[in-house]
Amino acid sequence: MKLADLPQAELEERLRGAGLRLRTGPVVSEIRSAMPPLAEGLALLYGEYPVEDRDGFADFHVRIAPPANLRRWWRPQVQFQFDGAPPFHPLPADQAFPIFEWGLNWCVSAHCHHYLVLHAAVVEKQGGAMLLPAPPGSGKSTLCAGLVSRGWRLLSDELALIDPASGDIAPLARPVSLKNASIEVIRRFAPEARLSPVVHDTLKGSVAHMQASADSVRRAAEPARPRWVVLPRYEAGAKAALAPLPRGRAFMQLADSAFNYDLHGAEGFRVLADLVEGCRCYEFTYADLDDAVRIFDALAEGA
Amino acid sequence: MNLPLLAALRDPAAIAGWDIPRLELLVRQARRANLLSRLALQVELDRLPEAPRRHFGGALVLARAQEEAIRREVAQVSEALRSVATTAVLLKGAGYLFAGLPPAPGRLFSDVDILVPREALPQVEAALMLRGWATTHHDPYDQRYYRKWMHELPPMQHITRQSVLDVHHTILPLTGRLHPDPDKLMRAARPLAGHPGLRVLAPVDMVLHSATHLFFNEEFSNGLRDLADLDSLLRHFGASAGFWRELPERARELELERPLFYALRYTRALLDTPGELHGLREPPAGLRRLMDGLFLRVLQPDHPTAGDWLSPLARRTLYLRAHWLRMPAALLAYHLAVKAWRRPEENPALQR
Amino acid sequence: MRWHTVPPEVLSWRDLDDQLVVRNAQSGNTHLLSPLAGEVLRILLSANETMTLAEIADRVRGEEPEDPEWAAAVADVLPGLERQGLVRRVA
């Protein structure tokens, strides 16, 4: 059963009561919340995702609720709870949906150590996955959203889950998070894409989430073989340029961007070295999304 | 008490046969109690269904990384203290690991704790600072709190590795009501093969130290983990001849009968630990009942599926008790007043 | 002065596009070595015994003409490798 098959009233009831079990790739989260932006955001962006039964296994139990302080009426707040305990400070209540997304990311990066987890976007075309590791501000999410709206499959905009045994990347296929200027860029680039309402004044500025393509969600059980590592860098006015990146540098970049490289020890070294050896590695400078799509499509064709 | 986590600790081999909902509860409780790694090493992973198995597998990754990190850290500490003519006793987690004892596999902890003679403190601190450890808690009040009143230096943190080292010179605060003699502990400490300059506590002392640390502590986020340590130690050492006679005798000698009583009582109640209580002085029945009400609650994981509505009150009560045990009433009043004047983030009573 | 690597079991390494990445299990750190430093480490790893600076420089030089620059260059990278805990010296 998909979330869209649930009548809105029932969706809200599950969220308020026994919890809604939502599958995103290999991860099942049991979600509880009485806050309207959650039910609305889920109905808007998560219609295609499987809803699981209570007799299956839920990996994480989360709740999005006001914190237990005295701020109920004056500048109300919202907090993300993991098994009843909040990993971060409360935020203004209108950030309920973003805090849910950030919280789910945290669940994975802090607890999925059976994977090597990198802070990177991952998209796939023609059977090959492209890893886009990049620090905040590099434009990777915009690039990711742009590629996904032009036929690339979305595995994740934030978290690359590498299976140490196979070297493949597991999808989460969750909505793509967009900030500030990139919201408008994507609105123009992909007017048909569904975006959540914009939430302003968050720690990251203005934030919105773009729905993942139905194809991405449908194929969320399908891992992808890494084929390219690309370090993107947005530079206003720049001509799009793809330059080869020495694999040694690509390796260090991936290790730096990993959440749990150190935990995996020698095994983590082997997994990243294998990955990098099997990939073509590039640095990519760009200003225009159309150029980016053209160049990456050509890469995929030439594969 | 029938929490899945307690049942799992008592009989890890049976976990592989549990149904999915029970396994799900177990993973949640064990993760909160910092015991998932320990269980991961005791359960037959291959027999588990895939979804829960991943979490145990992830916990194994953590356990291996942890062990590597602690070994590395102790090697550095050992190297740093080579120039100081003293022995250092590895306490708790680091001690269990280097002595190859049953609590070690899968035990998650981050600090290394060592015990050194009080006279050696200045040289020890100097040697550590030379090798990159720096003191923390720079506030003059905090510094005095630790150095004058407590049983340890302010925690030392390494500048580049960020690891934390706690240097103890006795096992209970100087201002406390009990004064177990650290010299006795050091004299009975056992050497570690391959690590000159490092020791571990003698078996009965290890049990007593663990019991004292747990039952005098102010917070219990690792309470069940520490109780599981005690269970492992008692089962392991309890097989040796003379241990059960020596244990209460040593407790009497070190004035630590009360924490030993609680250790034996609560390991038996929650983990079915075999043990012999005879010869040990018990607290009066009323106090015993009160402590049962408090400890049986706080030793459960702090999780929505465990404990009851009185659990938060039990935690707060034991927090106050811990401070009362640490210092005489007048000093405590002063100490709490100072803390109340501080920024709210520093005041543990206002935190979760 | 003779040089050798730390026990190879403690190291993981891989040649990536002529650069060596190496992880030192003793320090927990991972390093990307310059081509020369990588070559020096490779040479020491394949030797089963200690080597002097001159011996290492000779190996690095290979077929190239003799030149004191080689030894100077190798002398430059060895302290860094030592600091990273990858090689050790014996007097």
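Rules behind the numbers
- Residues numbered from 1 in each chain as written.
- Chains lettered and ligands numbered in written order.
- Predicted model: local features only at pLDDT ≥ 70, side-chain atom pairs only at ≥ 80, totals over all residues.
- Helix = DSSP H or I, 4+ residues; strand = E, 2+ residues; numbered from the N terminus.
- Rg over C-alpha atoms; globule rule 2.2 N^0.38 Å.
- Contact = placed C-beta atoms within 7 Å.
- Core = buried A, V, L, I, M, F, W, Y, C linked by C-beta atoms within 7 Å.
- Buried ≥ 20, exposed ≤ 12 C-beta atoms within 10 Å, placed from the backbone.
- Domains from an automatic or database assignment.
- Nonpolar A, V, L, I, M, F, W, Y, C, P; charged D, E, K, R; others polar.
- Axes fitted to C-alpha atoms, helices over the stretch in contact; angles between N-to-C directions.
- Parallel < 35°, antiparallel > 145°, perpendicular 65-115°, else oblique.
- Pairing = 2+ DSSP bridges.
- Expected span 1.5 Å × (residues − 1).
- Arc of directions from axis to C-beta.
- pLDDT = per-residue confidence, 0-100.

(A) Focus on the overall build of chain A. Helix and strand counts for chain A come out as nine helices and 16 strands. Compactness check: chain A gives a C-alpha radius of gyration of 19 Å against a globular reference of 19 Å for 303 residues, within 12% of the reference. Along the first, second and third principal axes, the C-alpha set of chain A runs to 55 × 40 × 35 Å. Long-range pairs, those at least 24 residues apart, make up 72% of the contacts in chain A between residues at least 6 apart in sequence.

(B) Local environment of unusual backbone geometry. Not every positive phi belongs to a glycine, and Asn34 of chain B is a case in point at roughly 65 degrees. Here Asn34 of chain B is to be found in the loop between helix H2 (20–32) and helix H3 (36–40).

(C) Structural view of the nonpolar core. The biggest cluster of nonpolar side chains holds 119 residues, and the ones touching the most others in it are Val122, Val123 and Val276 of chain A. Two domains each put at least three residues into this core: domain 1 (3–111) and domain 2 (116–302) of chain A. If near-sequence neighbours (up to four positions away) are discounted, Val122 of chain A is found in contact with Ala129, Met130, Leu131, Leu155, Ser156, Ala160 and Ile169 of chain A. Counting residues in each nonpolar core, the second largest holds 85 residues, with Leu23, Val116, Leu260 and Leu299 of chain B among its members.

(D) Region of interest: the interface of chain C and chain A. At the interface, 11 residues of chain C touch 15 residues of chain A. Among the secondary structure elements, those contributing two or more residues to the side of chain C that touches chain A are strand E2 (11–16), strand E3 (19–24) and strand E4 (29–33) of chain C. A class-by-class count of the residues in the side of chain C that touches chain A yields four nonpolar, four polar and three charged.

(E) Region of interest: the interface of chain B and chain A. The interface of chain B with chain A comprises 17 residues on the first partner and 15 residues on the second. Contributions of two or more residues to the side of chain B that touches chain A are made by H2 and helix H4 (50–80) of chain B. Counting residues per element, the side of chain B that touches chain A draws most heavily on H4 of chain B, which supplies 10 residues. The residue makeup of the side of chain B that touches chain A, split by class, is eight nonpolar, three polar and six charged.

(F) The domain arrangement of chain A, seen in detail. All names here are of chain A. By domain assignment, chain A separates into domain 1 (3–111) and domain 2 (116–302). Just the C-alpha atoms count here: the centres of domain 1 and domain 2 sit 25 Å apart. Taken together, the contacts link 18 residues of domain 1 with 22 residues of domain 2. For the side of domain 1 that touches domain 2, the secondary structure elements donating two or more residues are helix H2 (36–45) and helix H3 (96–111). In terms of residue count, the dominant contributor to the side of domain 1 that touches domain 2 is H3 (seven residues). When the residues that make up the side of domain 1 that touches domain 2 are grouped by side-chain class, the tally is nine nonpolar, six polar and three charged.

(G) Geometry of the packing of helix H1 (residues 35–46) of chain C against helix H3 (residues 68–83) of chain C. All names here are of chain C. Viewed as axis vectors pointing N to C, H1 and H3 meet at an angle of 80 degrees, and their least axial separation amounts to 9 Å. Here H3 runs roughly perpendicular to H1, going by the angle between their axes. Residues Leu36, Ala37, Val40 and Leu41 of H1 touch H3, and the partners they reach there are Ala73, Val74, Val77, Leu78, Gly80 and Leu81.

(H) Seen up close, the sheet that holds E2 of chain C. What the three strands build is an open sheet, ordered E2-E3-E4 (chain C); its pairing is antiparallel. Of all strands in the sheet, those bounded by a partner on one side alone are E2 and E4 of chain C. Taken over all neighbouring pairs, the strand axes of this sheet differ in orientation by 15 degrees on average, direction set aside. Along the sheet face, helix H7 (residues 247–257) of chain A touches E2, E3 and E4 of chain C and points at about 155 degrees away from the line of E4 of chain C. Contacts from H1 of chain C reach E3 and E4 of chain C, with the element oriented near 60 degrees to E3 of chain C.

(I) Representation of helix H9 (residues 289–302) of chain A. Residue and element names in this part refer to chain A. Across its 14 residues, H9 extends 20 Å between first and last C-alpha, which sits within 8% of the 20 Å expected from 1.5 Å per residue. All of the buried residues in H9 are Leu289, Ala292, Val293, Phe296, Leu299 and Ala300. End-on, the buried residues of H9 take up no more than an arc of 125 degrees, which puts them together on one face. Of the residues in H9, the exposed ones pointing more than 90 degrees away from the buried face are Asp290, Ala298, Glu301 and Gly302. Of the surrounding secondary structure, the elements contacted by the buried residues of H9 are strand E6 (116–125), strand E7 (128–133), helix H4 (140–148), helix H5 (181–189), strand E14 (225–234) and strand E16 (280–286).

(J) Quick look at the confidence of the model for chain B. All names here are of chain B. Per-residue confidence for chain B gives a mean pLDDT of 91, with 96% of residues at or over 70. Low pLDDT, under 50, characterises residues 347–352; the predicted model gives this stretch four contacts beyond four residues in sequence or across chains. For this predicted complex, the interface score ipTM comes out at 0.95, while the overall pTM is 0.93.

(K) Molecular detail of the pairing of strand E3 (residues 60–65) of chain A. Residue and element names in this part refer to chain A. A large share of E3 lies buried, amounting to five of its six residues. When strand E2 (residues 27–33) meets E3, the two strands line up parallel, connected through five bridges. Its bridge partner lying in E3, Ile31 is registered against Val62. Two strands pair when backbone bridges link them, and E3 and strand E4 (residues 77–82) are joined in this way by four bridges, in the antiparallel orientation. Among the inter-strand pairings, Ala65 is bridged to a residue of E4, identified as Gln79.

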